[in-house]
Amino acid sequence: MAGSRSTVDERLIARFNQELGADLKNIHKCGDLVKYYRSELEDLRDKITVTDAGCIPSVKSMIETGRNKLQELDEKEASLNDLEEKISGRIETYHQLMKEVGDKMQEIRVLQTVRDYLALVKDIENISQELGTSINGKDDSKPIALYVALTGPNSILDRISGIEAPNLKMYARNTAFHWHDVLTAKYSAEFEALLKIIKWPNLNQSLDQFNPSKDHVNKLVLLAEHLFLVKLPGDQDLLNVRLTPCIICPHYTTPVELFVKPFRLRFQFHFTGNKQTNRLDRPEWYLTQVLMWAKENHIFVGQHFQSPALRAGIANSSVRLEFVRGLVQLAVEKLIVDIEQIVQDEALFAHLIDEVLPFEQDLKTSLGYPNSYPSVVSVLLQPLYFMKWMAIEKKFTTDKMDAMLNTTDPFELLDPANMDELKIPKCADQFIRLLDAIKERYCCLPQPSQQLQFLELQLELIDNFRCRLLQLYNDGVNPTKILNALNYLTSVLREWGENVHYLHLHAALYGPDAEEISSVFDRTIEELNYCHQKLVEELVTWIVHEITSRSRPYRYDLWPSMNPHEAKETLMVSASASEMFQMTINHLHDMEQELSTNVFMIVVRMIATELDQWMISSMVMNTKFSSGGAQQFHFDMTRNLFGLFSQYAKKTNLLFKRINDACTLLTLPLGSAILLRETLLSETTDEEGLARALKEVGLIIFDKNITLAVLDRRNDMPRNG
């Protein structure tokens, strides 16, 4: 209930509560309130009643003004209704007039269309009549101009292309087709007659030997321009020839067709039917013939007939390449017929591939034949034959790789006398040549997707070669030979990764907007590096074991009781170290002779690191040194062990950082050694003070704990506490 009260109700309740209060004894005041409010209402009624004498003047005036305005509005409404009736009548009259005018205008438009239609028909008839009159005249330019007016730019066919008149369009197109055939037949006959006069086709002659007269060439050029202009109306792509579902040969112009025609006749004579030259096992015969014809004649065609093509408005096509394409199409059509039989015999198919690829390469390099044009390799790239091709490539290359590794000595070095830095095993060199041969075979393929399948074959072969090398290593082959092969293969792949050919394949594989430009061989190089690293680690571990196994006499020498060396005597290397040092010399010499320089330097550094760690953990930390023993150990290490590695590193103390630090601590004057120990043990010395103290005595790598442990190896150091 409270929610449904109005603002007035709330105000009344508040007023009553104020008048009556909270005391029930005041309930008798309700009657007085009723009388009071009734009296107030009557006074208000008198004030707003117009007929009453007590009505407020302003209220009375306002009411009278409102009545006057309402009366005026009623009069205006009546006037508007009258106007509406008049206007509606006028609009209806105008609608009738518009309908009549629209009907007349439609009749006029129909008549105009008929007039234009008949004018177009008349124009077509006039052009056709004039063509019929002028075609046998002496002025060859007139029929060409009339034909262009019928079919060329801004011609009649252009004018009717945007109107709905199928019968007129058909009439115009049929007329154009008729005169196309007539003009083409006329000029083609004259063109062929001139070709016979100049003894075309040019066979087995150079361009200098084939030298027709200038007059004949000029006539051919003029006729060619006419034939270029006399082209079929409409979309030229509809004239394309679909040889297979995947191979579409664009239509070539009439002059080019006439140039190719005598070659086609000769090709069909020699390479079809029962001729001895038509053999499935000799595709090189017709491929070589096509290539020879193209090379002998393409310059003549391009030099003389590109200009008339440009004058005829053919600006986006090369007449020279179109002629070459016409000759190549002969080989394409021939191979399409033969391929079904050839693919049944693996040897024939492999031989066909070997002949087609150099043919393609020669076409592109010597004649500039574009990838976008159909070619003989297009037949092999059809899905069914391409799968067969890839299978043959994989089998052949795998067999070739196996043969490389199965020779008497596959790791024999190439010309070892001239290989100071890079030692290349014969099998690695042959394998790289195999990979490069694969690249040369597929680099002429038109589509990146096809090239990527060959790249995948290359990567698979590299992985197989890596596995075979590891297998040979497990069978006992010297690891240095395997390392040289892996090293050479990795270096070549890194270089190839920056080659333009492989960069294009990377872009095709990952897109031109790849975040990071890398190499298609990155993953393969990582795998090769991993194997290389593992083999190096195993080789170093074996060498270090061979060295340290001869160290027992040296480790158990009389280090705690050796007398100090007298200044007059010359220090000599410890006799107990001779076998260990000799083993080190032998292995370093062998590794230098057997490994490539970059691999050898890695091995040297790793051997030094291993010996450095072993000498501290197994020798120094397990031995007590007298001052004489420390002096002898310092001499053995810095003048002998370091000397063995001095020809491979400028600063041997950086190769043996731990041994260098140990020698420094063991030969440090006693006072300095005690002071150093106190400084390191002092609780007041902070990290910066510790580092400064270690650096002052010449330490490179030792920290506080190892330094204290080495100092404790000295017999002359007093006990702590």
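Parameters and conventions
Residues numbered from 1 in each chain as written. Predicted model: local features only at pLDDT ≥ 70, side-chain atom pairs only at ≥ 80, totals over all residues. Heavy atoms only, no water. Helix = DSSP H or I, 4+ residues; strand = E, 2+ residues; numbered from the N terminus. Rg over C-alpha atoms; globule rule 2.2 N^0.38 Å. Buried < 20%, exposed > 50% of the residue type's maximum accessible area, 1.4 Å probe, protein only. Contact = heavy atoms within 4.5 Å. Areas by Shrake-Rupley, 256 points an atom, 1.4 Å probe, with all protein chains shown as cover. Lys, Arg positive; Asp, Glu negative; His and termini not counted. Charge placed at Lys NZ, Arg CZ, Asp CG, Glu CD. Expected span 1.5 Å × (residues − 1). Bend = angle between axes of the 7 residues up to and from the residue. Patch = residues over 30% accessible without salt bridge, like charges linked within 9 Å, V, L, I, M, F, W, Y side chains within 5 Å. Salt bridge = Lys/Arg side-chain N within 4 Å of Asp/Glu carboxyl O. Core = buried A, V, L, I, M, F, W, Y, C linked by side-chain atoms within 4.5 Å. Axes fitted to C-alpha atoms, helices over the stretch in contact; angles between N-to-C directions. Parallel < 35°, antiparallel > 145°, perpendicular 65-115°, else oblique. Nonpolar A, V, L, I, M, F, W, Y, C, P; charged D, E, K, R; others polar. Arc of directions from axis to C-beta. Domains from an automatic or database assignment. Buried area = accessible area lost by both parts, 1.4 Å probe. Polar contact = N/O pair within 3.5 Å; in protein donor to acceptor, adjacent residues only side chain to side chain. Left-handed = near helix turned anticlockwise from the far one by under 90°. Phe/Tyr/Trp six-rings, centres within 6.5 Å; stacked < 30°, edge-to-face > 60°.

Participant: What should I look at first to understand the overall build of the protein in this one?
Facilitator: Along the protein, the regular secondary structure elements total 27 helices and two strands. The C-alpha radius of gyration computed for the protein amounts to 53 Å, which surpasses the reference 27 Å derived for 721 residues by more than 25%, pointing to a less compact arrangement than a globule. Principal axes of the C-alpha set define a box for the protein whose edges measure 145 × 140 × 45 Å. Counting only residues that meet the buried cut, the protein has 39% of its 721 residues in that class. Of the contacts formed within the protein by residues at least 6 apart in sequence, a portion of 74% connects residues at least 24 apart. Accessible surface computed for the protein: about 41,300 Å², of which carbon and sulfur atoms make up 53%. If you average the places of the 77 positive and of the 98 negative side-chain charges in the protein, the two averages end up 2 Å apart.

Participant: Looking at this structure, I do not really get helix 9 (residues 283-311). What am I missing?
Facilitator: Along an α-helix, residues three or four apart share an orientation, since each turn contains 3.6 residues. The end-to-end C-alpha distance of helix 9, which contains 29 residues, comes to 40 Å, matching closely the 42 Å that a straight helix rising 1.5 Å per residue would cover. The sharpest bend along helix 9 reaches about 40 degrees and sits at Asn297.

Participant: Please explain a negative patch on the surface as it appears in this structure.
Facilitator: On the surface, Glu40, Glu42, Asp43 and Asp46 cluster together into a negatively charged patch. Judged by its relative accessible area of 43%, Glu42 is partly exposed.

Participant: Please explain unusual backbone geometry as it appears in this structure.
Facilitator: Leave glycine aside and you will find that most residues have negative phi; peptide bonds, for their part, are mostly trans. A cis geometry characterises the amide bond from Trp200 onward to Pro201, with omega recorded as 10 degrees. Topologically, Pro201 is positioned in the loop between helix 6 (166-197) and helix 7 (214-229). You will see that Lys199, though not glycine, has its phi angle at about 65 degrees, which is positive. Take Lys199: it is sitting in the loop between helix 6 and helix 7. Its relative accessible area of 67% is what places Lys199 among the exposed residues.

Participant: Help me understand the nonpolar core in this model?
Facilitator: Where a protein is soluble and globular, its nonpolar side chains tend to be buried together. Ranked by size, the top nonpolar core spans 187 residues in total, and within it Phe349, Trp389, Phe633 and Phe645 carry the most contacts. Setting aside residues no more than four positions away along its own chain, Phe349 makes contact with Ile339, Ile342, Val343, Leu380, Tyr385, Lys388, Trp389 and Ile392.

Participant: Hey, could you run me through the packing of helix 7 against helix 8 (residues 254-271) in this one?
Facilitator: Closest axis-to-axis distance for the helix 7/helix 8 pair is 8 Å, and the angle between their directions is 120 degrees. Taken together, helix 7 and helix 8 sit at an angle that is classed as oblique. Together, Ala224, Leu227 and Phe228 of helix 7 and Thr254, Pro255 and Leu258 of helix 8 make up the contact between the two elements. For the contact of helix 7 with helix 8, the residue count by class is five nonpolar, one polar and no charged.

Participant: Is there a simple way to think about the side chain of Glu546 in this case?
Facilitator: Examined against the element boundaries, Glu546 turns out to sit in helix 18 (residues 522-548). Ignoring any residue separated from it by four or fewer positions in sequence, one finds Glu546 in contact with Met583 and His587.

Participant: Please clarify how helix 25 (residues 670-681) should be interpreted in this entry.
Facilitator: Compared with an ideal rise of 1.5 Å per residue, which puts twelve residues at 16 Å, helix 25 spans 16 Å between its outermost C-alpha atoms and is within 8% of the ideal. Among the residues of helix 25, Ala673, Leu676, Arg677 and Leu680 are the ones counted as buried. All buried residues of helix 25 fall inside an arc of 100 degrees around its axis, so they share one side. Elements that come into contact with the buried residues of helix 25 comprise helix 24 (657-666), helix 26 (687-696) and helix 27 (704-711).

Participant: I tried to follow the domain arrangement of the protein on my own but got confused; where do I start?
Facilitator: Interfaces are often sized by the accessible area lost when the parts come together. Along its sequence, the protein is carved into domain 1 (122-198), domain 2 (235-374), domain 3 (387-519) and domain 4 (538-712). Here domain 2 and domain 3 have C-alpha centroids that lie 34 Å from each other. The interface is formed by eleven residues belonging to domain 2 together with ten residues belonging to domain 3. For the pair domain 2 and domain 3, the two sides together bury roughly 960 Å², of which 65% comes from carbon and sulfur. Note that Lys395 and Glu346 form a salt bridge whose closest N and O atoms lie 3.3 Å from each other. One can count two residue pairs in polar contact (both at pLDDT 80 or more) joining domain 2 with domain 3. Class assignment for the residues of the side of domain 2 that touches domain 3 results in five nonpolar, two polar and four charged.

Participant: Even after reading the chapter, I still don't get the environment of Ala172, so can you show me in this structure?
Facilitator: Following the sequence through the fold, Ala172 ends up in helix 6. Using a relative accessible area of 0% as the deciding quantity, one classes Ala172 as buried. Residues Ala172 and Ile91 lie 81 residues apart in sequence; the distance between their C-alpha atoms is 48 Å. When sequence neighbours within four positions are dropped, the list of residues in contact with Ala172 reads Ile124, Leu157 and Ile160.

Participant: I tried to follow the pattern of salt bridges on my own but got confused; where do I start?
Facilitator: Proximity of charged atoms lets side chains of opposite charge pair with each other. Applying the stated criterion to the full structure yields 28 salt bridges. Here Glu393 makes a salt bridge to Arg441, at a shortest N to O gap of 2.5 Å. Placement of the pair is Glu393 in helix 13 (residues 383-405) and Arg441 in helix 14 (residues 426-442), with a sequence separation of 48 residues. Looking at Arg441, the relative accessible area reads 22%, which means it is partly exposed. Within this structure, Arg279, Asp281, Arg282 and Glu284 form a network of salt bridges that share partners.

Participant: Mind showing me how you'd approach the packing of helix 16 (residues 479-497) against helix 18 here?
Facilitator: Helices that pack against each other are described as a pair by the angle of their axes relative to one another and the distance between those axes. It is at 10 Å that the axes of helix 16 and helix 18 come closest, and there the two elements cross at 155 degrees. One way to sum up the angle between helix 16 and helix 18 is to call them roughly antiparallel. At the point where helix 16 passes helix 18, the crossing takes the left-handed sense. On helix 18, the residues that touch Pro479, Thr480, Ile482, Leu483, Leu486, Asn487, Leu489, Thr490, Leu493 and Arg494 of helix 16 are Thr524, Ile525, Leu528, Asn529, Cys531, His532, Leu535, Val536 and Leu539.

Participant: In this structure, what is going on with the packing of aromatic side chains? I would like to understand it.
Facilitator: Where two aromatic rings form a pair, the distance of their centres and the angle of their planes describe that pair. Throughout the structure, instances matching the rule amount to 30 aromatic pairs. Considering the side-chain rings of Phe263 and Trp293, the 5.2 Å spacing of their centres and the 50 degrees angle between planes classify their relative orientation as tilted. A residue pair is termed long-range when its members are at least 10 positions apart, and Phe263 in helix 8 and Trp293 in helix 9 qualify at 30 residues. Note on Phe625 and Phe633: the rings are 5.4 Å apart at their centroids and 50 degrees apart in plane angle, and the pair reads as tilted. Judged by relative accessible area, which is 1%, Phe625 ranks as buried. Judged by relative accessible area, which is 0%, Phe633 ranks as buried. Members of the aromatic cluster, connected to one another through ring pairs, are Phe191, Trp200, Phe259, Phe263, Trp293, Phe300, Phe305 and Phe323.

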